Amino acid sequence: MGLPQVLQAMEAACRRAGRDPREVRLVAVTKGRSVEEIQDKVLRFGSFPLGESRVQEALKKMEVLKAEWHLIGPLQRNKAKFAPRFTLIHSLDSLRLAEALDRVGAKAGMRLKVLVEVNLGREPQKHGFLEEELPEALARIREMEHLSVLGLMTVPPIGPEAVVRPIFRRLSELADRYGLPERSMGMSDDFPIAIEEGATLVRVGRALFVD
Ligand SMILES: *Cc1c(COP(=O)(O)O)cnc(C)c1O
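Residues numbered from 1 in each chain as written. Predicted model: local features only at pLDDT ≥ 70, side-chain atom pairs only at ≥ 80, totals over all residues. Heavy atoms only, no water.

Looking now at the overall build of the protein chain. On a plain count of helices and strands, the protein chain comes out with 8 helices and 8 strands. Here the C-alpha atoms of the protein chain give a radius of gyration of 16 Å, agreeing with the 17 Å that 2.2 N^0.38 yields for 211 residues. When the backbone C-alpha atoms are referred to their principal axes, the protein chain occupies close to 45 × 40 × 30 Å. Counting all 211 residues of the protein chain, 52% fall into the buried class. For the protein chain, the accessible surface area stands at approximately 10,300 Å², while carbon and sulfur atoms represent 50% of it. Positive and negative side-chain charges in the protein chain, numbering 33 and 30 respectively, have mean positions lying 3 Å apart. (Helix = DSSP H or I, 4+ residues; strand = E, 2+ residues; numbered from the N terminus. Rg over C-alpha atoms; globule rule 2.2 N^0.38 Å. Buried < 20%, exposed > 50% of the residue type's maximum accessible area, 1.4 Å probe, protein only. Areas by Shrake-Rupley, 256 points an atom, 1.4 Å probe, with all protein chains shown as cover. Lys, Arg positive; Asp, Glu negative; His and termini not counted. Charge placed at Lys NZ, Arg CZ, Asp CG, Glu CD.)

Shown next as structure tokens:
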């Protein structure tokens, strides 16, 4: 594929779903990629938010690349102090992390933008709140003065369309229910399905870098 083809596939999915393509943003996932690769395969085509999984790796790249940075991987509480360097944290997965981020936001005098991660596939090795924990967790997090909850995020189990589509659909239903505009879902193998089911942010890595 490559980035232009990913954008085309995003537009095609929007058309199929009767959605305005401007509602869906590409987050270019650049974890494990060098600065040169990112310039050549992503930034050459325009400015896109860059998604990184690990704080240390992101901080290094921030020194040389000008971009809007999103954190998409789990954030350890001892690294919460770096959160203000990211425009959006997709992976808020516990109340303790929320409390730590709220303190960091207070110290920095800002409201940190976050998405709450939901483990809809109920996989023990995955991060995120279980669906039944969400009402209380959201209520608590929304009370925190220095966090702004913009939406929900999920990473579905690996599987065919019959597995991932209902999960994407469910995330959209939950976001609707709680009045949250952003839905971060869909990766290289399934972003068109996620868009059909209401994604507003797709996190695509591999498909941008293959020739
Ligand atoms: C790596 C990663 C992606 C991108 O996955 P690809 O299969 O490379 O598109 C998206 N979201 C998260 C949370 C990731 O860790």
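With that settled, consider unusual backbone geometry. Where the residue is not glycine, phi is negative for most of them; where a peptide bond is considered, it is trans in most cases. Phi at Arg-122 is positive, roughly 50 degrees, even though this residue is not glycine. Its place among the elements puts Arg-122 in the loop between β5 (112-117) and α5 (134-142).

Before going further, it helps to examine the pattern of salt bridges. Side-chain pairs of opposite charge can arise whenever the charged atoms involved come near each other. Enumeration according to the criterion identifies 20 salt bridges in this entry. Linking Arg-165 and Glu-197 is a salt bridge whose minimum nitrogen-to-oxygen distance equals 2.8 Å. Here Arg-165, found in helix α6 (residues 161-177), pairs with Glu-197, found in the loop between α7 (191-196) and β8 (201-204); they are 32 residues apart in sequence, far enough to count as distant. Assessed through its relative accessible area of 18%, Arg-165 is described here as buried. Residue class for Glu-197 comes out buried when judged on its relative accessible area of 11%. Beyond isolated ion pairs, a larger network of salt bridges with shared partners links Arg-16, Glu-161, Arg-165, Arg-169, Glu-196 and Glu-197. (Salt bridge = Lys/Arg side-chain N within 4 Å of Asp/Glu carboxyl O.)

Taken as a whole, the largest pocket holds about 420 Å³ of empty space. What lines the largest pocket is a set of 19 residues, among which Val-29, Lys-31, Ser-53, Ile-72 and Met-187 lie closest to the centre. Tallied by class, residues from the lining of the largest pocket come to 7 nonpolar, 6 polar and 6 charged. Here the second largest pocket is characterised by a volume of approximately 230 Å³. (1 Å grid on protein atoms, 1.4 Å probe; cavity = no way out; pocket = protein on both sides within 12 Å on 5 of 7 lines; lining within 4 Å. Points joined across faces, edges and corners; volume = space filled by probe spheres on them. Nonpolar A, V, L, I, M, F, W, Y, C, P; charged D, E, K, R; others polar.)

Okay, the UniProt feature "modified residue: N6-(pyridoxal phosphate)lysine" (unreviewed entry) in the protein chain next. The UniProt entry lists Lys-31 under the feature "modified residue: N6-(pyridoxal phosphate)lysine" (unreviewed entry), expressed in the numbering used here. One can find Lys-31 in the loop between β1 (25-29) and α2 (35-41). If near-sequence neighbours (up to four positions away) are discounted, Lys-31 is found in contact with Gly-51, Glu-52, Ser-53, Glu-57 and Lys-61. (UniProt positions renumbered as here; feature names shortened; annotations may be inferred. Contact = heavy atoms within 4.5 Å.)

We now examine helix α4 (residues 95-108). For α4, which comprises 14 residues, the first-to-last C-alpha distance of 20 Å matches the rise-based estimate of 20 Å (1.5 Å per residue) to within 8%. Listing the buried residues of α4 in full gives Leu-97, Ala-98, Ala-100, Leu-101, Asp-102, Val-104 and Gly-105. Lining the buried residues of α4 we find β4 (88-92), β5, α5 and β6 (147-153). (Expected span 1.5 Å × (residues − 1).)

Of all the 6 residues making up β5, 5 are buried; the element is thus mostly covered by neighbouring parts of the structure. Inspection of the sheet shows β4 paired to β5 by 2 bridges, in the parallel sense. By the bridge assignment for β5, Leu-92 is matched with Val-116. What joins β4 to β5 is α4, and the crossover it makes is right-handed. A crossover connection joins β5 to the parallel β6 through α5; in handedness this β-α-β unit is right-handed. (Pairing = 2+ DSSP bridges. Right-handed = clockwise from strand over helix to strand, strands pointing away.)

With that settled, consider the site of the ligand. If you check the shell around the ligand, you find Val-29, Lys-31, Ser-53, Ile-72, Met-187, Ser-188, Arg-203, Val-204, Gly-205 and Arg-206 and nothing else. At a separation of 2.7 Å, an oxygen atom of the ligand approaches a polar side-chain atom of Lys-31. Contact between the ligand and Arg-203: a nitrogen atom at 2.9 Å from a side-chain N or O atom of the residue. A total of 390 Å² of accessible area belongs to the ligand in isolation, and the protein chains cover 85% of it. Using a 2 Å cut-off from the grid points, one finds that the ligand occupies the largest pocket. Of the residues that constitute the shell around the ligand, the class distribution is 4 nonpolar, 3 polar and 3 charged. (Near = heavy atom within 4 Å. Polar contact = N/O pair within 3.5 Å; in protein donor to acceptor, adjacent residues only side chain to side chain. Sits in = over half its atoms within 2 Å of the grid points.)

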